[in-house]
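Examining the three-dimensional arrangement
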Amino acid sequence: MSHALEISMIIINKIFTYFSLLSRNLIYDGRSNMQAWGLIVLLISKTAGHSPEIPEMEQDKSAGVLHKQRALAEVTEMIRTSSLVHQGMVNLQNLDGAGNDLSADSEMIFGNKLALLGGDYLLGNACLQLAGLRNQELIGLISSAVRDLAESNFIGDRDEQNNAIPSDPSLRVNHEKLQSIDHLENTTSIDMSQIMGYPEREWTFRHTLSSGSLLGKSCQGTLKLAGQSEELQKHGYSFGKHLA
């Protein structure tokens, strides 16, 4: 057991070491098809600039961004990677077969444990680094993006491997006017009867929560750190959300 634990920690350390190199340099080796979300956040930061009231000690003049903006870019990449690692878990038995002996799938179980541990490790470090920015509004903003990421897994029907599938069209309720689902802060409740049964709206809503929210709010957050106006922050959110 101790040998297995030692192997697990070695793998987790290698994952985090490799990820740290990627996030700090924001360079990909060409074999990964994962979006460089951190790079997008930095490009938004550099393009928009920052308020002249920002102290020089907080600026990274060689890169044209703030130190906190670079840290936020790393946090964004870390949260996104943790989500992808968690999605690598495999459902070994459906509800009908719950409780059956899984001793023959010990390697798969071990892989699931690594995926769970690795994702949690990255997410925990992201939260720690986010707290280090000491900006309560930004922490609330990115925390809501993590919430959206979790809630996206409970929208609509799922198959045995937890992959999203369209809902039954019979759930569709006729409305005179469909409610817009394009909300900035996600503080307005959504009437799910206007979502379920409409495949296009389900897809849009699910992907807004699972990816658009994180990139959009990261772009919004980096503009907030730069002291930009509320209007520009809204445009940053919209850009990131639709790009994702």
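Residues numbered from 1 in each chain as written. Predicted model: local features only at pLDDT ≥ 70, side-chain atom pairs only at ≥ 80, totals over all residues. Heavy atoms only, no water.

Put simply, helix 2 (residues 37–48) and helix 6 (residues 199–225) touch, their axes get as near as 9 Å, and they point 30 degrees apart. The orientation of helix 2 with respect to helix 6, classified from their angle, is roughly parallel. The interaxial crossing formed by helix 2 with helix 6 has right-handed handedness. Facing helix 2, whose interface residues are Trp37, Ile40, Val41, Ile44, Ser45 and Ala48, helix 6 presents Ser211, Leu214, Leu215, Ser218, Cys219, Thr222 and Leu223. Across the contact of helix 2 with helix 6, the residue classes break down as nine nonpolar, four polar and no charged. (Axes fitted to C-alpha atoms, helices over the stretch in contact; angles between N-to-C directions. Helix = DSSP H or I, 4+ residues; strand = E, 2+ residues; numbered from the N terminus. Parallel < 35°, antiparallel > 145°, perpendicular 65-115°, else oblique. Left-handed = near helix turned anticlockwise from the far one by under 90°. Contact = heavy atoms within 4.5 Å. Nonpolar A, V, L, I, M, F, W, Y, C, P; charged D, E, K, R; others polar.)

Here we come to the nonpolar core. Core analysis: the biggest nonpolar cluster contains 26 residues, and Leu72, Ile79, Leu130, Leu133, Leu138, Ile142 and Leu215 have the highest contact counts within it. Secondary-structure elements contributing two or more residues to this core are helix 2, helix 3 (67–86), helix 4 (106–131), helix 5 (136–151) and helix 6. Examining the composition of this core, we find that six residues originate from one element, helix 3, more than from any other. For Leu130, the residues in contact, after removing those within four places along its chain, are Val75, Leu138, Ile139 and Ile142. (Core = buried A, V, L, I, M, F, W, Y, C linked by side-chain atoms within 4.5 Å. Buried < 20%, exposed > 50% of the residue type's maximum accessible area, 1.4 Å probe, protein only.)

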